[in-house]
Every structure is written in structure tokens, then in C-alpha cells.
Protein chains: 2
Amino acid sequence: MENPVPAQSAHRAHIAPVELTKAYRLLNHGPTVLVSARHGGVDNVMAAAWACALDFSPPKVTVVLDKAVATRALVEGSGLFVLQVPNAAQVDLVHAVGTLSRVDEPDKLARCGVELFGMDGIDAPLVAGCSAWLACRLVPEPHNQAAYDLFIGEVVAAWADTRVFRDGHWHFEDAEPRWRSLHYIAGGQFYAIGESLQATAASQS
Amino acid sequence: MENPVPAQSAHRAHIAPVELTKAYRLLNHGPTVLVSARHGGVDNVMAAAWACALDFSPPKVTVVLDKAVATRALVEGSGLFVLQVPNAAQVDLVHAVGTLSRVDEPDKLARCGVELFGMDGIDAPLVAGCSAWLACRLVPEPHNQAAYDLFIGEVVAAWADTRVFRDGHWHFEDAEPRWRSLHYIAGGQFYAIGESLQATAASQS
């Protein structure tokens, strides 16, 4: 991946592309995500617990963007957004970008400690320090957007930090605890993802 | 809640209604769910990692039901389904109902060890031993169903086992490990939900 923006942190060295056929696995366990977008020279980032995989190939996602959030207009204007999977080290950042609004706080991103970076060919900002990123092209569905605040995206590129996702799998159990994904409930309370459990194969007689 | 079916297990004593305004919290952390439905005298249960909250009030959910799954026709026929949040004690059951199809295995539920029970006024089966249940009325959206396998439901009633969800909150950290919700990845591998993390309040100057 060529880097159109000077790398500002060492984390770039660990970012690797994720095969599109495996991209659903980045969201399959239901993490709370950050949604970022850029339009008309404005970048913004919000938190969303209501994001979900929708299809394997081509990979698609859903995300709920309330009419009150500033990021929604950027997504509608540019037709592009990024879902990123943040981690336990970012719990305060995630809660802050989910609480403050750019409408009230024009310097929201700086106040929340958000560092952005770019990826070649993607005209949307990515949030540094996350575990994974899915760049999505908006699949316009005006009825869903108006009636349900429900947005559909097709994943056009995905990346992950190889310290926690590699070879098509999460490696939470081998990584430092700061890499655990976050699963929001309410009132600033999250759960980190926990222990790996392997099911016994279903009996196939 | 009156009980239209004889209680078959002691777990019924711990099931309490969840306020509809708090029902989204049952799904907010992104657990893999079981989807159950009944139509024409047939009950079925499947697993779905792609289920998500969609709205607070009235609470709505989305769930992806592939055209190949037998449960889809039951949902389309009855206009009703139940999302239930299974737990670590049920990992083999969840993987089994997600792997076997009623199309190939008419006795799927018995083979998977699924015990069903009923709730008054809900003409759909509930799976015993889960942590929470959301009974949903299908909100018909033929385009979403046909184009994306995406189904929308309005939650009409919700219940939880008070040993793990009470007073509007999950209590994973105080409950036995068998109550942890399951978050599917692939190949029979799940993660259990983990540690509770409280974000520091966003600075509001």
C-alpha cells in the first residue's frame, strides 16, 4: 500500500491488507466500530455499536447512522465511509467520539485525541491505532436511509493490524490485552472480547 | 408472564421481562444469536452472527436470513421470529443448529439437543437455556428481503435470565462463566464476551 500521507506513527508498519473474502470476519463477532468519512474538506469520526456484516462476497455491511450525526451527511455526500474496529487501548477515545458531536464541537477530533491517516485510493480518513479497517462504498438505498437510518456499504478494501488479526483470523488470545475489541452496552460501559471457545463438530451421521 | 406450556426446566423461574426501552442492550454488544420461528406446525431454530439492533423505541432489529435456510420460510409465513442470546454453556448447541439444516435433517432440533418453551401471546418457540429472548414482529420490506436477505423486526416483548441480565444491564462479570455470550468468527470458533471496561467521561467543557 502506498502511503499518500506521511506516516505519523509506527503502527503503519503492522498494517496488512485483508482478503475481501475474509473481511466479514473483522465484524463477525459484533464489535463496536468507529465510522469515518470525508466530504467537502471535512473529516469526521463517530462511534457505532449498530454495525453488522451483511454479505460475504462481495462483502457488504450495514451501519445505522442517526439523522442527528454529522458523519451521516459526509457519507451521503461522498458515497464512501470506513468502518474501523477499535480496541481496549482506545476505550476513552471511542466513548469520546461517540459522545461529542462535531455540530457542537468543531474541534471534536483533536479533543478526542483522534489521529487520522490515509490509504492509497481511498478518499476517506482512517483512524490510527485501531485493529482493522473496512473501506466501504455506499450502496444507496434511500428508503432504508430515510425510514430506518440504515446504510448499506460494499467493502472495497480492508486492512488489519497483524499484531491482532492475521492469516484471516483474530488472535486476541495471543495478543496483548490492549488489542481486545470493544462491545458497547450503555453509559460508558463496554465489554472487551474474551476467551476463545471451540465448538465440538456437529454430529454428521 | 403466564406460562402456556408446562415448564420443563428450572430455568423458567429466573426469566423476567425486559423493558422494551432497554431491549436493545440485549444485542448491543454484538452477540451471535439463535433465530427461532414457527409456521404451519413446524418449529425451527438457526444460528445467526449477523443480527443487530436497529432502533431504540420502538425497538427494532435486523437479521440476515439466507435464502437457503429453512427458518426463513417460517419467518415469512408467520411474520414472527424470536432472537435469543445463547451462552458459553450452549456453544456446541449453537454450532450444531448453525451447521445442520432442517432440510437435510428433519429431526435437527432433537439431534442438536434443543429444548423449546413458550411464552404467553407469542406464537413462536423459544430456546431454553439462553440468556435473553426478543420476540419480534416482522416488518415486511420485500426489497431488502429479496436483494439482501435482510429482515427487519420490531421487538414486541423481551425477557432475560436474571442470573446474567437484570435491572437493564448485563452482569457477565458477576455471573458464572457459562453465562458469557458467544461471538462467532468461523470454523466453529467463538469468542466469549470478556472483561467490563468503563470509559472515562468525555470532557465536556
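Keep in mind that this is a model prediction, so the values were computed, not measured. (Residues numbered from 1 in each chain as written. Chains lettered and ligands numbered in written order. Predicted model: local features only at pLDDT ≥ 70, side-chain atom pairs only at ≥ 80, totals over all residues. Heavy atoms only, no water.)

**Student:** How should the overall build of chain A be read in this particular structure?
**Tutor:** When you go through chain A residue by residue, the secondary structure sums to four helices and 14 strands. For 205 residues, the compact-globule estimate of 2.2 N^0.38 gives 17 Å, and the C-alpha radius of gyration of chain A, at 17 Å, lies within 12% of that figure. Principal axes of the C-alpha set define a box for chain A whose edges measure 55 × 40 × 40 Å. Looking at chain A as a whole, 60% of its 205 residues qualify as buried. Within chain A, contacts between residues separated by at least 24 positions form 68% of all contacts whose residues are at least 6 apart in sequence. Accessible surface for chain A amounts to roughly 7800 Å². Of this, 52% is attributable to carbon and sulfur atoms. Where the 15 positive side-chain charges of chain A centre and where its 22 negative ones centre are 1 Å apart. (Helix = DSSP H or I, 4+ residues; strand = E, 2+ residues; numbered from the N terminus. Rg over C-alpha atoms; globule rule 2.2 N^0.38 Å. Buried < 20%, exposed > 50% of the residue type's maximum accessible area, 1.4 Å probe, protein only. Contact = heavy atoms within 4.5 Å. Areas by Shrake-Rupley, 256 points an atom, 1.4 Å probe, with all protein chains shown as cover. Lys, Arg positive; Asp, Glu negative; His and termini not counted. Charge placed at Lys NZ, Arg CZ, Asp CG, Glu CD.)

**Student:** Is there a simple way to think about the relation of the copies chain B and chain A in this case?
**Tutor:** Copy one and copy two of the chain differ by a rotation about an axis and a translation along that axis. At an RMSD of 0.0 Å, chain B and chain A line up after a rotation of 180° and a shift of 0.0 Å along the axis. Here the copies are linked by what is in effect a two-fold axis. Interface overlap between copies is the fraction of interface residues in one copy that are interface residues in the other; for chain B against chain A it reaches 100%, indicating a shared surface. (Least-squares fit on C-alpha atoms with pLDDT ≥ 70 in both.)

**Student:** Help me understand empty space enclosed by the protein, please; the structure alone is not making it clear to me.
**Tutor:** Empty space among the atoms can be located by rolling a probe the size of a water molecule over them. Tallied over the full model, the rule gives two cavities of 30 Å³ or more. Together, 15 residues line the largest cavity, and G30, A51 and C52 of chain A together with G30 and A51 of chain B are the ones closest to its centre. When residues of the lining of the largest cavity are traced back to their parent elements, those giving at least two are β4 (51-56) of chain A together with β4 (51-56) of chain B. Sorting elements by how many residues they give to the lining of the largest cavity places β4 of chain A first, with three residues. Partitioning the lining of the largest cavity into residue classes produces 10 nonpolar, five polar and no charged. What the second largest cavity holds in volume is close to 30 Å³. Taken together, A23, Y24, L27, A53, D55, P59, K60, V61, L134 and V155 of chain A make up the lining of the second largest cavity. Broken down by secondary-structure element, the contributors of at least two residues to the lining of the second largest cavity are β4 and β5 (59-64) of chain A. (1 Å grid on protein atoms, 1.4 Å probe; cavity = no way out; pocket = protein on both sides within 12 Å on 5 of 7 lines; lining within 4 Å. Points joined across faces, edges and corners; volume = space filled by probe spheres on them. Nonpolar A, V, L, I, M, F, W, Y, C, P; charged D, E, K, R; others polar.)

**Student:** Help me understand the interface of chain B and chain A in this model?
**Tutor:** Taken together, the 60 residues of chain B in the interface contact 60 residues of chain A. Together, the buried faces of chain B and chain A total about 5000 Å²; carbon and sulfur atoms form 55% of this surface. Run the count over chain B and chain A and you get zero salt bridges. Here chain B and chain A share 33 residue pairs in polar contact (both at pLDDT 80 or more) between them. At the level of secondary structure, the elements contributing two or more residues to the side of chain B that touches chain A comprise β4, β5 (59-64), α2 (91-99), α4 (142-148), β10 (150-161), β12 (169-170), β13 (182-186) and β14 (189-198) of chain B. Considering every element that reaches the side of chain B that touches chain A, the biggest residue donor is β14 of chain B, with 10 residues. Bridge count between strand β14 (residues 189-198) of chain A and β14 of chain B: seven bridges; the pairing is antiparallel. Following the sheet pairing, F190 of chain A is matched in β14 of chain B by L197 of chain B. (Buried area = accessible area lost by both parts, 1.4 Å probe. Salt bridge = Lys/Arg side-chain N within 4 Å of Asp/Glu carboxyl O. Polar contact = N/O pair within 3.5 Å; in protein donor to acceptor, adjacent residues only side chain to side chain. Pairing = 2+ DSSP bridges.)

**Student:** Would you take a moment to explain the confidence of the model for chain A for this structure?
**Tutor:** One rule of thumb: low pLDDT means the predicted coordinates there are not for detailed reading. Within chain A, residue pLDDT values average 93, and 93% of them lie at 70 or more. Counting interchain partners and residues more than four positions distant, the pLDDT-below-50 stretch residues 1-7 of chain A has 11 contacts. (pLDDT = per-residue confidence, 0-100.)

**Student:** It is not clear to me how the UniProt feature "domain: Flavin reductase like" (unreviewed entry) in chain A should be interpreted in this structure. Could you clarify?
**Tutor:** This chain's UniProt record puts "domain: Flavin reductase like" (unreviewed entry) on residues 25-167 of chain A. For residues 25-167 of chain A, the end-to-end C-alpha separation is 11 Å, with 20% helix and 45% strand making up the annotated structure. (UniProt positions renumbered as here; feature names shortened; annotations may be inferred.)

**Student:** Can you walk me through the side chain of E141 of chain A in this structure?
**Tutor:** In this fold, E141 of chain A is placed in the loop between β9 (132-139) and α4 (142-148). Ignoring any residue separated from it by four or fewer positions in sequence, one finds E141 of chain A in contact with I152 of chain A together with H143 and Y148 of chain B.

**Student:** Mind showing me how you'd approach the pattern of salt bridges here?
**Tutor:** Residue and element names in this part refer to chain A. Summed over the entire model, instances satisfying the criterion amount to 22 salt bridges over all chains. When the shortest N-O distance is used, the salt bridge between K67 and D149 registers 2.5 Å. Placement of the pair is K67 in the loop between β5 and α1 (70-78) and D149 in the loop between α4 and β10 (150-161), with a sequence separation of 82 residues. Of the charged contacts in the structure, one is a salt bridge between D149 and R72, with a shortest N-O distance of 2.8 Å. Here the residue D149 occupies a position in the loop between α4 and β10, and R72 occupies one in helix α1, the gap between them amounting to 77 residues. Overall, D149 belongs to the buried group, its relative accessible area being 14%.

**Student:** I'm lost on the sheet that holds strand β13 (residues 182-186) of chain A in this one. Help?
**Tutor:** The strands that make up a sheet pair up through hydrogen bonds in the backbone, lying either parallel or antiparallel. One open sheet holds the four strands; their spatial order is β13(A)-β14(A)-β14(B)-β13(B), and the pairing between them is antiparallel. Two strands lie at the open edges of the sheet, namely β13 of chain A together with β13 of chain B, each paired on one side alone. Along the sheet, successive strands turn relative to each other by an average axial angle of 40°, direction set aside. (Axes fitted to C-alpha atoms, helices over the stretch in contact; angles between N-to-C directions.)

**Student:** Whenever I open this one, the nonpolar core confuses me. Can you help?
**Tutor:** Soluble globular proteins tend to pack their nonpolar side chains together in the buried interior. If you look at the biggest cluster of nonpolar residues, it comprises 161 residues, and the most contacted ones within it are L83 and W170 of chain A together with L83 and W170 of chain B. When neighbours within four sequence positions are excluded, L83 of chain A is seen to be in contact with L27, V33, L34, V35, A51, V61, V63, A132, W133 and L134 of chain A. (Core = buried A, V, L, I, M, F, W, Y, C linked by side-chain atoms within 4.5 Å.)

**Student:** Help me understand the pairing of β10 of chain A, please; the structure alone is not making it clear to me.
**Tutor:** On a regular strand, one side chain projects to one face of the sheet and the next to the other, so that they alternate. Residues and elements named next belong to chain A. Burial within β10 is extensive, with 11 of its 12 residues counted as buried. One ladder, built from three bridges, connects strand β1 (residues 15-17) with β10; its direction is antiparallel. Residue I15 lies in a different strand from β10, and its bridge partner there is D161. In this sheet, β10 lies alongside β5 in antiparallel orientation, the contact comprising five bridges. The residue of β10 that forms the bridge with V64 is L150. As paired strands, β9 and β10 are joined by eight bridges and run antiparallel to one another. Residue pairing for β10: L138 is matched across the bridge by G153.

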